[in-house]
Amino acid sequence: MESQLSALLAKAQAEFPTLATRPDFEAAKARYVGPNGEFTALMKQMGSVPKEQRPAIGKLINEAKGKLQPLLDAALARLEQAELAAQLGPAVDPTLPSPDIGPGTFHPLTLVREEMCSILRKVGFVVADGPEVETEYYCFDALNTPADHPARDAQDTFYLPDTVRFGNVSKKTAEEKYLLRTHTSSVQIRTMLKGQPPIRIVSPGRVYRRDTSDATHSANFHQLECLYVDKNVTVRDLKALLDYIFASLLGKDTKTRFRPHYFGYTEPSFEVDLSAKHLPKVNKEWIEIGGCGMVDPTVFDAVGYDSTVWSGYAFGMGIERLAMLLYGIDDIRYFYQNDARFLKQFA
Ligand code: DAH
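Residues numbered from 1 in each chain as written. Predicted model: local features only at pLDDT ≥ 70, side-chain atom pairs only at ≥ 80, totals over all residues. Heavy atoms only, no water.

Peer 1: In this structure, what is going on with a negative patch on the surface? I would like to understand it.
Peer 2: Residues D153, D156, D211 and D214 make up a contiguous surface patch of negative charge. Note that D153 resides in the loop between helix 6 (136-139) and strand 3 (163-166). (Patch = residues over 30% accessible without salt bridge, like charges linked within 9 Å, V, L, I, M, F, W, Y side chains within 5 Å. Areas by Shrake-Rupley, 256 points an atom, 1.4 Å probe, with all protein chains shown as cover. Salt bridge = Lys/Arg side-chain N within 4 Å of Asp/Glu carboxyl O. Lys, Arg positive; Asp, Glu negative; His and termini not counted. Charge placed at Lys NZ, Arg CZ, Asp CG, Glu CD. Helix = DSSP H or I, 4+ residues; strand = E, 2+ residues; numbered from the N terminus.)

Peer 1: Would you explain the pairing of strand 10 (residues 287-295) in this entry?
Peer 2: Two faces make up the sheet, and in a regular strand the side chains alternate between them. Across the nine residues that make up strand 10, a large majority, eight, are buried. Taken together, the seven bridges between strand 9 (residues 266-275) and strand 10 define a ladder with antiparallel strand orientation. Bridging from a neighbouring strand, F270 pairs with C292 of strand 10. Alignment of strand 10 against strand 11 (residues 311-318), held across five bridges, turns out to be antiparallel. In the sheet register, G293 faces strand 11, and the bridge partner there is A314. (Buried < 20%, exposed > 50% of the residue type's maximum accessible area, 1.4 Å probe, protein only. Pairing = 2+ DSSP bridges.)

Peer 1: Looking at this structure, I do not really get the site of the ligand. What am I missing?
Peer 2: Inspection of the region around the ligand gives 15 residues, with H183, R209, Q223, E225 and Y265 positioned closest. In the environment of the ligand, an oxygen atom lies 2.9 Å from a nitrogen or oxygen atom belonging to the side chain of Q223. Relative to its free-state accessible area of 350 Å², the ligand is covered by the protein chains to the extent of 89%. Among the secondary structure elements, those contributing two or more residues to the shell around the ligand are strand 7 (220-230), strand 10 and strand 11. (Near = heavy atom within 4 Å. Polar contact = N/O pair within 3.5 Å; in protein donor to acceptor, adjacent residues only side chain to side chain.)

Peer 1: So what exactly am I meant to see when it comes to the pattern of salt bridges here?
Peer 2: The full count for this structure, using the stated rule, is 16 salt bridges. Across the pair K11 and E38 runs a salt bridge, and its minimum N-O distance is 2.9 Å. With K11 in helix 1 (residues 2-15) and E38 in helix 3 (residues 38-44), this residue pair connects regions lying 27 residues apart in the sequence. A residue is classified by how much of its surface remains accessible, and E38, at 36% relative accessible area, is partly exposed. Taken together, the salt bridges that share partners define one network made up of R257, R259, E271 and D273.

Structural data, given as structure tokens:
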């Protein structure tokens, strides 16, 4: 028995450190200490050992067990370590400088936004800002948008819950409904309520609509809004400004045209189309780019301006659409995926 035990131990000592995989380990373990294992078989022989020899043999078996178990433990720990290392991949020293040492680049939407602001600053516009979480008043009411206008519909607008929970208590936040602004036109109202004409602002920013995302739609995109209020402002001024900004951004061959349209906050109102066949991937003669018009007197009334004295124009357009035109990008989703291969192309 003693020699059998030490032979078995010697075999295990040689075998366990060489096991390379978990299944190999489990199989080897079964061969030694499983129900049909060799070690188990030796222990079973205890029953047939004469009584007086049992204490001595028992001691031998216990000693052998005490040596076998650490072999199993060590092999298992070694395999677990190897599995972990395989999952982690090659060793990385996070304290070393990044191998990608090139400078970052601006996001294409940032580039277009900044370019537009700079073009507009040259003709006297200043940048104005407004919150993305708005109330119905700034987003719709003050802009003369009727209560039953489809844009207000919960299908188009993200409304915030009108109660907030504090522990077990629900509190109504305000009499007004909060929403995520659907357009930057809300900044027109905020700006006019803050000051007096003349006003010349450009307001770029994020807007939200309940759109299903596809190549040309996103529930979250960017607009750029302009408002000019002064005496004797005419549609000619509006058209001249739009011609100037699009020629500056997209090249002097760019043309604009107005198509009559309806917006509650401007009268007359137009949709603006661009013709820019010189740009990459532009295969249509006219591309819709935004909306505009002469500020409606009801909007001046809402902010307390005398509409017999003041006149103005306003327009709004999508920054994504502009960037897609300028750079020949055919899917809006590229803007939001943060893929460095895409972003690096717009230095
Ligand atoms: N707010 C409009 C939209 O999101 C765009 C727009 C139209 C802005 C006419 C204006 C305007 O300032 O006068 O579609």
